Amino acid sequence: MGRWGAAVVAALAVASLGGCDLQRISELQVGTSTEADVRSRFGEPERVWDEPGGARTFEYNRQPAGAVNYMITIGPDGRLSALRQVLTPAEFAQITPGMTVNEVRRRLGKPMKTMSFALKGETEWDWRWNDGGTRPMIFTAVFGGDGRVLRTASVEEIPQGGR
């Protein structure tokens, strides 16, 4: 299979994953669906975050192939209280210099890729996302040696092999 054939197969796989998620999401209702309902549709979360007041947020990561990460909050009553897709420009705008690695992970979920640059004393975390149209994008958070954000950027993803 050639490069373009592999790209088409990968694109179809990502599209079908998104379709499955949309179906699963449509089967859930805030205030009614239970933790068991969420787990039966999405499986085990990548990570569980404890929230104030006894709520918990489940991280469902769709990186590296997907362009979304979901944070699904279960209230202290055991019912779904929020479901958010967090790889969005509004969420990226909340990532500011000085934030810690843990704060960024908590907001955006596990990145698609991490790269360390020892000579610069920096580490980059990348997330794949979509600009709402047809452009695949990469959001990058750059951390200094102290584990705090130095800067961020969003750029169009260039397909392997260039254009």
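These numbers were taken from a predicted model, which means no experiment stands behind them.

Caption draft 1: Spotlight on helix H4 (residues 101-108). Within H4 the residues assigned to the buried category are Val104, Arg105 and Leu108. Down the axis of H4, the smallest arc covering the buried residues is 100°, so these residues share one side. Two residues or fewer past H4, glycine 109 is found with a positive phi of approximately 85°.

Caption draft 2: Molecular detail of unusual backbone geometry. In this chain, glutamine 63 is followed by proline 64 through a cis amide linkage whose omega measures 5°. Checked against the element boundaries, proline 64 lands in the loop between strand S2 (56-61) and strand S3 (69-74).

Caption draft 3: Looking closely at the sheet that holds strand S7 (residues 136-143). Taken in spatial order, the four strands of this open sheet run S5-S6-S7-S8, and their pairing is antiparallel. Across the chains shown, the open sheet's two edge strands, defined by having one partner strand only, are strand S5 (113-117) and strand S8 (149-156). Each strand axis lies, on average, 20° off the axis of its neighbour in the sheet, ignoring direction. The pairing of S5 with strand S6 (residues 122-130) spans five bridges and is classified as antiparallel. Counted as the bridge partner of serine 116 is threonine 123 from S6. Those strands touched by H4 are S6, S7 and S8, and its axis lies near 10° from that of S6.

Definitions and limits used
- Residues numbered from 1 in each chain as written.
- Predicted model: local features only at pLDDT ≥ 70, side-chain atom pairs only at ≥ 80, totals over all residues.
- Heavy atoms only, no water.
- Buried < 20%, exposed > 50% of the residue type's maximum accessible area, 1.4 Å probe, protein only.
- Helix = DSSP H or I, 4+ residues; strand = E, 2+ residues; numbered from the N terminus.
- Arc of directions from axis to C-beta.
- Pairing = 2+ DSSP bridges.
- Axes fitted to C-alpha atoms, helices over the stretch in contact; angles between N-to-C directions.
- Contact = heavy atoms within 4.5 Å.

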